[in-house]
Amino acid sequence: MGSAFGCMPKEDLSGGVGSRSKRGSKSRSQRKMAASEEELLHRQALAMAIQQHQLSQRFEGSMSRRIGSTSSRRRDLPDSITNGKQQQLVLEDLETRKIILVHGEGFGAWCWYKIISLLEEVGLNPVALDLRGSGIDNTDPNSITTLADYSKPLTDYLHNLLDDEKVILVGHSCGGASISYAMECYPKKISKAVFLTATMVLDGQKPFDVFSEELASADVFLKESQFLVYGNGSDNPPTGLMFDKQHIRSGLYFNQSPPKDISLATVSMRTIPLEPIMEKLSLTPENYGMVRRFFIQTLDDRMLSPDVQEKLVRENPPHGIYKIKGSDHCPFFSKPQSLYKILLEIAQLP
């Protein structure tokens, strides 16, 4: 489809020359042990997070407030969230029970664990995918050079659906570009698309453009950023982007999220493939434009500021706009109940 889419630890210096082989073997063993310990920490953090969530879920009463859409179809939106009353879910009345959760940059399917639990409890069928080079997918993120390649787990999933089967897509952050691409490729298989503080781009726009007001222009960022990864060597263009653990914990993403979830993210986030977010999308009214879009704004977001989110919905008006007070860039951690209720409401829209 082309670039514009149509659809090391320190070595032990002790000992003499004869111990070099042993040192190399020891170094390799230490690296394997470190990787194993990190994986174990990841699993322990996830287990702890799930357990704590189950214990605290009954006490969480955060609510969201939905505001009016700039679309004339705003009248189709019920008032269940606005009025603080949750409509009873009648599964038989739903166009689809299947909700596909698409993570943002650096994240993976693991980030949705609270939302999966909540949606399953009411009989819905949430499916969280790992995009290529993300989560437990074993692809080297530095080898991913197109949005099509990055999004392949999503488009493969849609391709394999039955002809008359539809799903709701939810894309977080840069996952908005992936669901936009999927909307262009498989519009008839998508009932609704939900952009969760996400890159809801226009035709011909790069996903990175959405963040340019926060980070800098692409040209300046590629020259000056300290977070760039050079997977093909420093003499070649950068291939990825990775925030260090200090910056992850500093509040860029998680200024309102629980410490246990920040710990989970710290050991789970991976390098972000750079080229997919630097490519322009080609989106047409005949495909992308046929899918109803909804945008969820997060009002205490330091990664994608509320002003930028307002600009996105003003320039590319969706069918409905929702707002979550007190949420950082990751409402699946900071405000899971509010996010769940919004998704439940959207699922019930005819």
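First things first, this report covers the structure right here in the doc. Being a predicted model, the structure only gives us computed values, none of them experimental.

**What to know about the overall build of the protein chain**
Consideration 1: Broken down by element type, the protein chain carries 12 helices and 10 strands.
Consideration 2: The buried share among the 350 residues of the protein chain stands at 51%.
Consideration 3: Total accessible area computed for the protein chain in this model is approximately 16,500 Å², and 49% of it derives from carbon and sulfur atoms.

**Quick word on the pairing of strand β9 (residues 292-298)**
Consideration 1: Of all 7 residues in β9, 6 are buried; the element is thus mostly enclosed.
Consideration 2: Looking at chain direction, strand β5 (residues 190-196) and β9 are connected through 5 bridges and run parallel. By the bridge assignment for β9, leucine 196 is matched with isoleucine 296.
Consideration 3: Both β9 and strand β10 (residues 320-324) contribute to a ladder of 5 bridges, which runs parallel. Bridging from a neighbouring strand, threonine 298 pairs with isoleucine 324 of β10.
Consideration 4: In this fold, the crossover linking β9 to β10 by way of helix α10 (residues 306-315) has right-handed handedness.

**Re the sheet that holds strand β8 (residues 272-273)**
Consideration 1: Read from one edge of the open sheet, 3 strands run β6-β7-β8, paired in antiparallel fashion. With one partner strand each, in any of the chains shown, β6 (228-229) and β8 form the two edges of the open sheet.
Consideration 2: Pairing of β6 with strand β7 (residues 240-241) involves 2 bridges; the strand directions are antiparallel. Its bridge partner lying in β7, valine 229 is registered against glycine 240.

**Focus: helix α4 (residues 152-159)**
Consideration 1: For α4, the set of buried residues is Leu154, Thr155 and Leu158. Buried residues of α4 fall within an arc of 90° about the axis and therefore sit on the same side.
Consideration 2: Elements that come into contact with the buried residues of α4 comprise β2 (98-102), β3 (125-129), β4 (167-172), α5 (175-185) and β5.

**Brief notes about the pattern of salt bridges**
Consideration 1: One pass over the full model with this rule turns up 6 salt bridges.
Consideration 2: With a closest N to O distance of 3.1 Å, lysine 98 and glutamate 165 form a salt bridge. Remark: glutamate 165 occurs in the loop between α4 and β4 and lysine 98 occurs in strand β2; sequence separation between them is 67 residues.
Consideration 3: We note a salt bridge from glutamate 310 to lysine 323, for which the minimum N-O separation is 3.0 Å. On the criterion of sequence distance, the pair formed by glutamate 310 in helix α10 and lysine 323 in strand β10 is long-range, its members being 13 residues apart.
Consideration 4: Look at glutamate 310 and you get partly exposed, because its relative accessible area is 29%.

**Describing the nonpolar core**
Consideration 1: Leu154, Phe254 and Phe332 are the most contacted members of the largest nonpolar core, which totals 86 residues.
Consideration 2: At 7 residues, the largest contribution of residues to this core is made by helix α12 (residues 336-348).
Consideration 3: Apart from the residues lying within four places of it in its own chain, the contact partners of leucine 154 are Ile100, Val102, Leu129, Leu131, Leu169, Ser178, Ile179 and Ala182.

Conventions we followed
- Residues numbered from 1 in each chain as written.
- Predicted model: local features only at pLDDT ≥ 70, side-chain atom pairs only at ≥ 80, totals over all residues.
- Heavy atoms only, no water.
- Helix = DSSP H or I, 4+ residues; strand = E, 2+ residues; numbered from the N terminus.
- Buried < 20%, exposed > 50% of the residue type's maximum accessible area, 1.4 Å probe, protein only.
- Areas by Shrake-Rupley, 256 points an atom, 1.4 Å probe, with all protein chains shown as cover.
- Pairing = 2+ DSSP bridges.
- Right-handed = clockwise from strand over helix to strand, strands pointing away.
- Arc of directions from axis to C-beta.
- Contact = heavy atoms within 4.5 Å.
- Salt bridge = Lys/Arg side-chain N within 4 Å of Asp/Glu carboxyl O.
- Core = buried A, V, L, I, M, F, W, Y, C linked by side-chain atoms within 4.5 Å.

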